[in-house]
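Below are the chains, spelled out letter by letter.
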Amino acid sequence: MGLFSSPAKVYKPAADVDLGPGSDEFYISPNVKAPRVAGLLVKIFVWILEMPIVGQIVLYILKKDNLINKLVSDADIPEPPLFTATHSWEDTPEQNVRLTKPDLSAAERVQEAVGCLPARLEATLAADAPTQQGLKRWTIRDFADAYSSGETTPVQVATRFLAAVKESSAPGGLNMAFFISCDPEDVMRQAEESTLRHQRGAPLSALDGVLVAVKDEIDCAPYPTTGGTRWLGAARRCVGDAACVAQLRACGAILAGKANMHELGAGTSGINPHHGSARNPYNASKIAGGSSSGSAAVVCAGLCPVALGVDGGGSVRMPAALCGVVGFKPTAGRLSNAGVLPLNWTVGMPGILAGTVEDALIAYSAIVDQSQPSYLRPELNLPQLKSTLSMNNIKLAKYAKWFNDSAEDIRSCCDKALKTLQAHYGWQTVDVTIPEIEEMRLAHYVTIGSECTTSLAKYLDKLKRSEIGWDARVALSVYGSFSSRAYLNSQRIRNRQMYFHKEIFKTADVIVSPMTGVTAYTLQDDAFDTGELDYINGAALVRYSIAGNFLGLPAITVMVGHDKGGLPIGLQFIGRPWSEATLLHIAFAMQEACAKGHKKPAVFYDLLKKE
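Given the structure is predicted, the values throughout are model-derived calculations rather than measurements. (Residues numbered from 1 in each chain as written. Predicted model: local features only at pLDDT ≥ 70, side-chain atom pairs only at ≥ 80, totals over all residues. Heavy atoms only, no water.)

(A) Region of interest: the environment of Pro554. If you trace the backbone, Pro554 turns up in the loop between α19 (546–550) and β16 (555–562). Beyond its immediate stretch of four places on either side in the chain, Pro554 contacts Lys329, Pro330, Thr331, Phe573, Ile574, Gly575, Arg576, Pro577, Trp578, Ser579, Glu580 and Leu583. (Helix = DSSP H or I, 4+ residues; strand = E, 2+ residues; numbered from the N terminus. Contact = heavy atoms within 4.5 Å.)

(B) Spotlight on the packing of helix α4 (residues 106–114) against helix α12 (residues 357–367). Remark: α4 packs on α12, axes separated minimally by 7 Å, with the N-to-C direction vectors making an angle of 150°. In terms of orientation, α4 lies roughly antiparallel with respect to α12. In this structure, α4 meets α12 at a crossing whose hand is right-handed. Only Leu361, Ile362, Ser365, Ala366 and Ile367 of α12 make contact with α4, whose side of the interface consists of Ala106, Arg109, Val110, Ala113 and Val114. Residue composition of the contact of α4 with α12, by class: eight nonpolar, one polar and one charged. (Axes fitted to C-alpha atoms, helices over the stretch in contact; angles between N-to-C directions. Parallel < 35°, antiparallel > 145°, perpendicular 65-115°, else oblique. Left-handed = near helix turned anticlockwise from the far one by under 90°. Nonpolar A, V, L, I, M, F, W, Y, C, P; charged D, E, K, R; others polar.)

(C) Representation of the nonpolar core. Core analysis: the largest hydrophobic core is formed by 199 residues, its most contacted members being Phe161, Tyr364, Val560 and Phe573. Ranked by residues supplied to this core, first place goes to helix α15 (residues 437–460) with nine residues. (Core = buried A, V, L, I, M, F, W, Y, C linked by side-chain atoms within 4.5 Å. Buried < 20%, exposed > 50% of the residue type's maximum accessible area, 1.4 Å probe, protein only.)

(D) Up close: the packing of aromatic side chains. Summed over the entire model, instances satisfying the criterion amount to twelve aromatic pairs. For the ring pair Phe143 and Tyr147, a centre distance of 6.3 Å and an interplane angle of 50° mean the geometry is tilted. With Phe143 and Tyr147 both in helix α5 (residues 140–149) and four residues apart, the pair spans about one turn of that helix. By the burial criterion, Phe143 is buried, and Tyr147 matches it. Arranged with centres 5.8 Å apart and planes meeting at 70°, the rings of Tyr445 and Tyr479 form a pair that is edge-to-face. Within this pair, whereas Tyr445 is found in helix α15, its partner Tyr479 is found in helix α16 (residues 470–479), the two being separated by 34 residues in sequence. With a relative accessible area of 28%, Tyr445 lands in the partly exposed category. Taking the relative accessible area as the measure of exposure, Tyr479 reaches 9% and is therefore buried. Joined through ring pairs, the aromatic side chains of Tyr445, Tyr479 and Phe482 make up one cluster. The side chain of Lys398 reaches across the aromatic face of Phe403, ending 4.5 Å from its centre. (Phe/Tyr/Trp six-rings, centres within 6.5 Å; stacked < 30°, edge-to-face > 60°. Lys NZ or Arg CZ within 6 Å of the ring centre and 35° of its normal.)

(E) Examining the side chain of Arg473 more closely. In this fold, Arg473 is placed in helix α16. Once residues lying within four places of it in the same chain are set aside, the contact partners of Arg473 are Val46, Glu50, Arg465, Ser466 and Ile468.

(F) Quick look at the sheet that holds strand β3 (residues 179–181). An order of β3-β5-β4-β8-β10-β9-β16-β17-β14-β12-β13 is seen for the eleven strands of this open sheet, with the pairing classed as mixed. Every other strand in the sheet has two partners, leaving β3 and β13 (428–431) as the edge strands with one partner each. Across the sheet, the mean angle from the axis of one strand to that of its neighbour is 35°, orientation sign disregarded. Judged from the four bridges that link them, strand β12 (residues 395–398) and β13 form a sheet pairing that is parallel. Across the sheet, residue Lys398 finds its bridge partner in β13, namely Asp431. In the packing of helix α9 (residues 243–250) onto the sheet, contacts are made with β4 (211–215), β5 (254–259), β8 (306–311) and β10 (349–354), and the angle to β8 comes to roughly 170°. (Pairing = 2+ DSSP bridges.)

(G) Here's a closer look at the side chain of Asp563. Inspection of the secondary structure puts Asp563 in the loop between β16 and β17 (568–575). It turns out Asp563 is buried and unbridged, and the closest side chain with the opposite charge, Lys599, is 7.2 Å from it. Side-chain polar atoms of Asp563 contact the side chain of Thr519, separated by 2.7 Å. Here Asp563 is in contact with Asp409, Thr519 and Ile569, once residues within four sequence places are set aside. (Lys, Arg positive; Asp, Glu negative; His and termini not counted. Salt bridge = Lys/Arg side-chain N within 4 Å of Asp/Glu carboxyl O. Polar contact = N/O pair within 3.5 Å; in protein donor to acceptor, adjacent residues only side chain to side chain.)

(H) Region of interest: the pairing of strand β14 (residues 510–514). Counting buried residues in β14 gives five out of five residues, a clear majority hidden from the surface. Looking at chain direction, β12 and β14 are connected through two bridges and run parallel. Across the sheet, the residue bridging to Leu396 is Val510, located in β14. Two elements, β14 and β17, share five bridges in a ladder whose sense is antiparallel. If you follow Pro514 over to β17, its bridge partner there is Leu571.

Functional significance is not addressed by these values, which are geometric in nature.
Okay, structure coming up:
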């Protein structure tokens, strides 16, 4: 610590911290005062950071201003470090579930999931079509029904999809930048094979012929995996499908291409100087959010009912909330990381973006990892969504100071949604205190940054800095400055937070919060070539994301309304380890209670339209 620095924090033992609603624990809102920096200023900032001596001084000041030294690096923490947020087998009782057999194939699990969905009212596709004002999203079952009835074919849908991608990508037109790579020949080959299976009356599953986008952080043949860069695809060759992609392919899904993302996942905006900035379909002048920006945007725009993302710090749930779709991150270990770029070993994992909770369930059933022995993780429960009304005595933990630390539109909308949920189902809200929220955010930042630079070291040592985007260069400079002491103390904070959350889950089924502290903000022209350093909005966007990644907990977000400008607002539920079925039940209930007020995105494609 410097001569004039404030003293480092001394933590009391975790067991001595009061988690009740009357706790005197002090809530720290992110103390971020840095102005937004973009364009030439980003370049100047990078040049300063990369100067041998001056850069180190600037980095020290930045970390000091963000309280990393005081709350993490130099802190006195009694707990030992916890290095992986994995959870042992727990017999978590869940209501209204279907237990699946461990030896089922991905297609068989999809069939089980479809059997858990509620029956639908009889309606033709024309009568049920998306309207100008309201929002009707075609689901996986809608596509499956249209294919089985002969009303349309996967080839016809794929043709419309490719036309929409071409139209939306035109630089002089919408310039939505949904995809980094999309091979029309490969898409059509898959669609033709699916069409033949449907014509023979032998589809592989309900997913057969359904378009699924894949974040460019996940291996999917025949595409390179770039991580949003220009260089990583050549440095690390993609030799086949990631485990989750292979399972989708085995179900007959059409892999639609590699969705755009924030470079190296190192940002929250989705602004990518190499591949274009993914835009929000509700308002193309707004960000889609990061880092799974393209995955969220293609689902929002109706191009795919489902997409895969990777969630290391809210990177699935955050853009899902900003784009008004479902974002689902299961318990750490539920999905395989095989074939996913190892940008952060202990906090990142694949996740699902979907137009509806029902489709999130179907995709989850397809890609869940059942290869591990049952003693390492519980058997798979699928929620009987047809019986959500009979879910009894659900308790929702709410930390008011944290819940309310958001924009007024978000706070009032989420509070109204929570009250609607209580009124519909009689579920109870339990007031709690979740201590050291800001400390956890900083510890997660040190962890994800340290793991990212370590993972990429063998590439970065041989790479010209000019090949990396300007904002990513800033992130990597900061990440590389963290000390071993900072990393170790971060894992001690992780241990404390694991204790706090497990104690809270003794009295509540889920923790509820807004998903983001702000809605999608405006894209600025000066950031397109350099990215931007917007730490204030960045801190607000990740405010509610961290526990899901740092502690490996399952979490889901669902749209509950719009701000005054018509931009989506998401509500988040964080669950006990292995309680995905309960989370999906609660999210489905929330979706049903709020769906009527949902507005249609300004950029929206109807792939099941009649000729």
